[in-house]
Amino acid sequence: MDVWSHDRFGIPLPAGHRFPISKYGLLRERVEAAGLATVREAEAVPWEWLAAVHEPALLERIREGTLTLREQRALGLPWSPVLVERGRRSVGGTVCAARRALERGIGMNLGGGTHHAGRDFARGYCLFNDVVVALTRLRAEGVARRAVVVDCDVHQGDGTAQLLGPDPDAFTLSLHGARNYPFERIPSDLDVDLPSGTGDAAYLAALSGALDVALAEPFDIAFFLAGADPWEGDRLGRLALTKDGLRARDELVLDRLAACGAPVVVVLAGGYAPDVRDTVDINLATVEAVAARAVALS
Ligand SMILES: [Zn+2]
């Protein structure tokens with residue numbers, strides 16, 4: 001199996017910053033050491049592909065480094081040329097994973113899932129909305145139209161909801177902590193607000209019920225945001241899933257999507273464990289689940 005990564009593109013961050021920039025390189029190492037996949041370097045997408053989704057004036061400010069102070073605070077990452085390059089490559093990884101999913105049934109980006117980026121805003125560590133850019137690209141090429149987004153990051157997918165909410169050919173499902181960021185929501189087609197401390201059993205039951213709704217209509221492609229931040233030890237999450245629970249979540253989502261027979265694109269989204277190796281453990285388990293299915297499909 002091939003997967004995509006942009007882990008060589010680190011960004012300068014102040015000491016103690018919570019963004020886990022080291023997880024990408026650590027994950028690549030573990031994927032390669034375990035022989036799970038060949039990790040390919042994602043290319044930067046052209047600006048025109050981004051402009052099909054995001055407001056040109058916002059892209060101009062991102063490109064030129066002229067985001068307002070308010071926008072920089074909302075983004076939570078210091079602007080630098082490599083931040084922009086990295087963001088374009090992260091989207092490129094999801095586009096490649098989506099193309100691979102259409103060819104072989106499943107594809108994965110060891111990054112992406114930047115769901116807080118909307119048409120006219122880039123916030124919550126998210127510069128561009130990789131999933132919506134990839135879907136828009138596939139539509140422009142005429143290879144897919146109807147899509148389902150299964151967003152299991154602990155934070156509500158407000159950017160994706162803004163971009164795809166009014167779209168009759170896309171269903172957005174977000175399962176998240178009710179008291180987690182973002183505090184001003186943009187509604188998804190289906191939002192499942194979970195109380196703080198929700199554990200494995202209640203989470204999986206809620207997810208199963210939500211999938212019944214999300215997968216009721218046929219679709220051409222599915223995007224799964226396999227966030228590691230519903231984990232019990234996460235610094236930014238308020239849910240209490242164990243690593244086994246997150247593994248069961250991945251199995252449930254991938255099984256249900258496989259039963260629909262549609263291609264599946266898996267992206268990482270967030271993960272903020274105090275020890276980054278815990279986030280990498282969770283991400284690696286997701287890669288294992290994807291690799292097992294890639295083998296079964298080949
Ligand atoms: Zn998150």
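### Focus on the overall build of the protein
Step number 1: The secondary structure content of the protein amounts to ten helices and eight strands.
Step number 2: The C-alpha atoms of the protein give a radius of gyration of 17 Å, which matches the 19 Å a tight globule of 298 residues would have.
Step number 3: Dimensions of the protein, computed from C-alpha atoms along their principal axes, come out at roughly 45 × 45 × 40 Å.
Step number 4: Every one of the 298 residues in the protein was classed for burial, and the buried ones make up 55%.
Step number 5: Within the protein, contacts between residues separated by at least 24 positions form 76% of all contacts whose residues are at least 6 apart in sequence.
Step number 6: Side-chain charges of the protein comprise 32 positive and 40 negative groups, with the mean position of each set lying 3 Å from the other.

### Some remarks on the side chain of H176
Step number 1: As for its placement among the helices and strands, H176 is situated in strand β5 (residues 170-177).
Step number 2: Exposure remark for H176: the relative accessible area of 0% places this residue in the buried category.
Step number 3: A polar contact is formed between the side chain of H176 and the side chain of R185, at a distance of 3.3 Å.
Step number 4: Polar contacts involving the side chain of H176 include one to the side chain of D193, which spans 3.0 Å.
Step number 5: Ignoring any residue separated from it by four or fewer positions in sequence, one finds H176 in contact with D153, V154, H155, Q156, R185, D191, V192, D193, L194 and L239.

### Points about the packing of aromatic side chains
Step number 1: Under the defined criterion, the tally for this structure stands at five aromatic pairs.
Step number 2: Between Y125 and Y272, the ring centres sit 6.0 Å apart and the planes meet at 50°, which makes this aromatic pair tilted. One end of the pair, Y125, is in the loop between β3 (106-108) and α6 (130-140); the other, Y272, is in the loop between β8 (264-267) and α10 (276-297), with 147 residues separating them in the sequence.
Step number 3: Y125 gets classed as buried once you look at its relative accessible area, which sits at 16%.

### As for the coordination of the zinc ion
Angles between donor atoms at a metal ideally measure 109.5 degrees for a four-coordinate tetrahedral arrangement and either 90 or 180 degrees for a six-coordinate octahedral one.
Step number 1: Within the protein, the zinc ion binds to D153 (OD), D153 (OD), H155 (ND1) and D229 (OD); these donor distances fall in the range 1.9 to 2.7 Å.
Step number 2: For the zinc ion, the four donor atoms are set out with angles of 54 to 151° between them, so the coordination reads as irregular.
Step number 3: Positions of the donor residues of the zinc ion along the chain correspond to the pattern D-x1-H-x73-D. Of this pair, H155 sits in the loop between β4 (147-151) and α7 (158-164) while D229 sits in the loop between β7 (221-225) and α9 (243-260), placing them 74 residues apart in sequence. Just as H155 is buried, D229 falls in that class too.

### Notes on the nonpolar core
As a rule of thumb, nonpolar side chains are buried together in soluble globular proteins.
Step number 1: V31 and F224 are the most contacted members of the largest nonpolar core, which totals 49 residues.
Step number 2: It is α10 that contributes the most residues to this core, nine residues altogether.
Step number 3: The residues contacting V31, other than those within four sequence positions of it, are L36, A37, V39, L110, L284 and V287.
Step number 4: Counting 45 residues, the second largest nonpolar core, distinct from the first, contains W47, L77, A134 and V267.

### Details of the pattern of salt bridges
Step number 1: A full pass over the atoms with the stated rule returns 27 salt bridges.
Step number 2: Put simply, R119 and D120 hold a salt bridge, and the shortest N to O gap is 3.6 Å.
Step number 3: When its relative accessible area of 30% is taken as the criterion, D120 is described as partly exposed.
Step number 4: Note that R293 is salt-bridged to E251, the shortest N-O span being 2.9 Å. A residue pair is termed long-range when its members are at least 10 positions apart, and R293 in helix α10 and E251 in helix α9 qualify at 42 residues.
Step number 5: One continuous salt-bridge network, built from bridges that share partners, spans D2, R40, R100 and E103.

### Quick look at the pairing of β5
Step number 1: The buried count for β5 comes to seven of eight residues, which makes it a mostly enclosed element.
Step number 2: In this structure, β4 lies alongside β5, joined through five bridges in parallel fashion. In the strand pairing of β5, V148 is matched with F171.
Step number 3: Traced from β4 through α7 to β5, the parallel crossover comes out right-handed.
Step number 4: Where β5 lies against strand β6 (residues 190-194), five bridges are found, and the strand directions are parallel. By the bridge assignment for β6, L175 is matched with V192.

Here is what the cut-offs are and how they apply
Residues numbered from 1 in each chain as written. Predicted model: local features only at pLDDT ≥ 70, side-chain atom pairs only at ≥ 80, totals over all residues. Heavy atoms only, no water. Helix = DSSP H or I, 4+ residues; strand = E, 2+ residues; numbered from the N terminus. Rg over C-alpha atoms; globule rule 2.2 N^0.38 Å. Buried < 20%, exposed > 50% of the residue type's maximum accessible area, 1.4 Å probe, protein only. Contact = heavy atoms within 4.5 Å. Lys, Arg positive; Asp, Glu negative; His and termini not counted. Charge placed at Lys NZ, Arg CZ, Asp CG, Glu CD. Polar contact = N/O pair within 3.5 Å; in protein donor to acceptor, adjacent residues only side chain to side chain. Phe/Tyr/Trp six-rings, centres within 6.5 Å; stacked < 30°, edge-to-face > 60°. Donors = N, O, S within 2.8 Å, 3.2 Å for Na, K, Ca; no water. Tetrahedral: all angles 85-135°; square planar, octahedral: opposite > 155°, others 65-115°. Core = buried A, V, L, I, M, F, W, Y, C linked by side-chain atoms within 4.5 Å. Salt bridge = Lys/Arg side-chain N within 4 Å of Asp/Glu carboxyl O. Pairing = 2+ DSSP bridges. Right-handed = clockwise from strand over helix to strand, strands pointing away.

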